Amino acid sequence: MFPILLHLGPLTIRTYGALVATAFLAALQVARMAAHARRIGETFLLDLVAILIVSGLLGARILYVLLNLSYFRQHPWESFKVWEGGLVFYGGFLLAALVGTIFIRYRGYPVDDVADCLAPALALGQGIGRWGCFFAGCCYGKPTTLPWGVTFKDAASLAPLGVSLHPVQIYESLGDILIAGLLWSLLLHRKESRGEIFWLYVLLYGILRFAMETLRGDDRGAMIGGLAPSQVIALAAILISGSILLVKTTTKHDAHA
């Protein structure tokens, strides 16, 4: 597609980096609106978002490097070229969740309430960010004969050239945006939520990611029991979030019985 957005003299602006930045800005705006509705301080939110961005990028890149360790052992300096693509969402999610939880508790806010506010923003950010993957050619799909298959022709693309591929990045983007819309609707119509919206996000994204991995054609690391590493993590996320939602639903029902 269009991995390079434009050249400004010696400066090259990549489409991937521009769309990831757009995703962060859009997610921040949604998170601010959600936090305002739940009376969560904006200064705290901005501090939290800054911490989540740094830890999320770091975790996402670390997991990508670990899954492609044989390559980065030979090209160690390329480990830092985040702007060229190469982020594994679950790596960023896990590290950001850990660091974010510590920070939220330190500042004295309820973790569940803050997590619920962030869930729609996170899903929307992913939906926009996947277009960055599409234009860069990373996270590409398997070959397909379907009429909506995409063929990459730009030599700077990370995808194989001249082959019709599943636009799996777009599939996932559409799924993420639908999840974001659902979560936002729930957030607006529920006066009280104690983590259910966040865990619903984890469940729905886990299902989406598990399905999308079956259509991926890029190298996703060593298979584990016939599953890609992200599928293993997604499966664990589905089981954990499903169990937590079941417990929360049962507890709430008993409390109103």
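What counts and how
Residues numbered from 1 in each chain as written. Predicted model: local features only at pLDDT ≥ 70, side-chain atom pairs only at ≥ 80, totals over all residues. Heavy atoms only, no water. Salt bridge = Lys/Arg side-chain N within 4 Å of Asp/Glu carboxyl O. Helix = DSSP H or I, 4+ residues; strand = E, 2+ residues; numbered from the N terminus. Buried < 20%, exposed > 50% of the residue type's maximum accessible area, 1.4 Å probe, protein only. 1 Å grid on protein atoms, 1.4 Å probe; cavity = no way out; pocket = protein on both sides within 12 Å on 5 of 7 lines; lining within 4 Å. Points joined across faces, edges and corners; volume = space filled by probe spheres on them. Nonpolar A, V, L, I, M, F, W, Y, C, P; charged D, E, K, R; others polar.

Draft legend 1. Representation of the pattern of salt bridges. On inspection of all chains with the given rule, the structure shows 8 salt bridges. In this structure, Glu42 and Arg32 form a salt bridge, with 2.7 Å as the shortest nitrogen-oxygen distance. With a gap of 10 residues between them, Glu42 in helix α2 (residues 42-67) and Arg32 in helix α1 (residues 15-37) connect regions that are remote in the sequence. Here Glu42 falls in the partly exposed class, since its relative accessible area comes to 41%. Under the relative-accessibility criterion, Arg32 is labelled partly exposed at 32%. The partner of Glu213 in a salt bridge is Arg209, with the nearest N and O atoms 2.8 Å apart. Of the two residues, Glu213 and Arg209 are both situated in helix α7 (residues 196-213); the distance of 4 residues between them amounts to about one turn of the helix. On the accessibility criterion, Glu213 (2% relative accessible area) is buried.

Draft legend 2. Up close: the layout of surface pockets. Roughly 1,200 Å³ of volume is contained in the largest pocket. Together, 49 residues line the largest pocket, and Phe89, Gly92, Phe93, Ala96 and Leu122 are the ones closest to its centre. In terms of residue count, the dominant contributor to the lining of the largest pocket is helix α5 (residues 111-136) (13 residues). Here the lining of the largest pocket is built from residues that sort into 38 nonpolar, 8 polar and 3 charged.

Geometric values such as these leave the question of function open.
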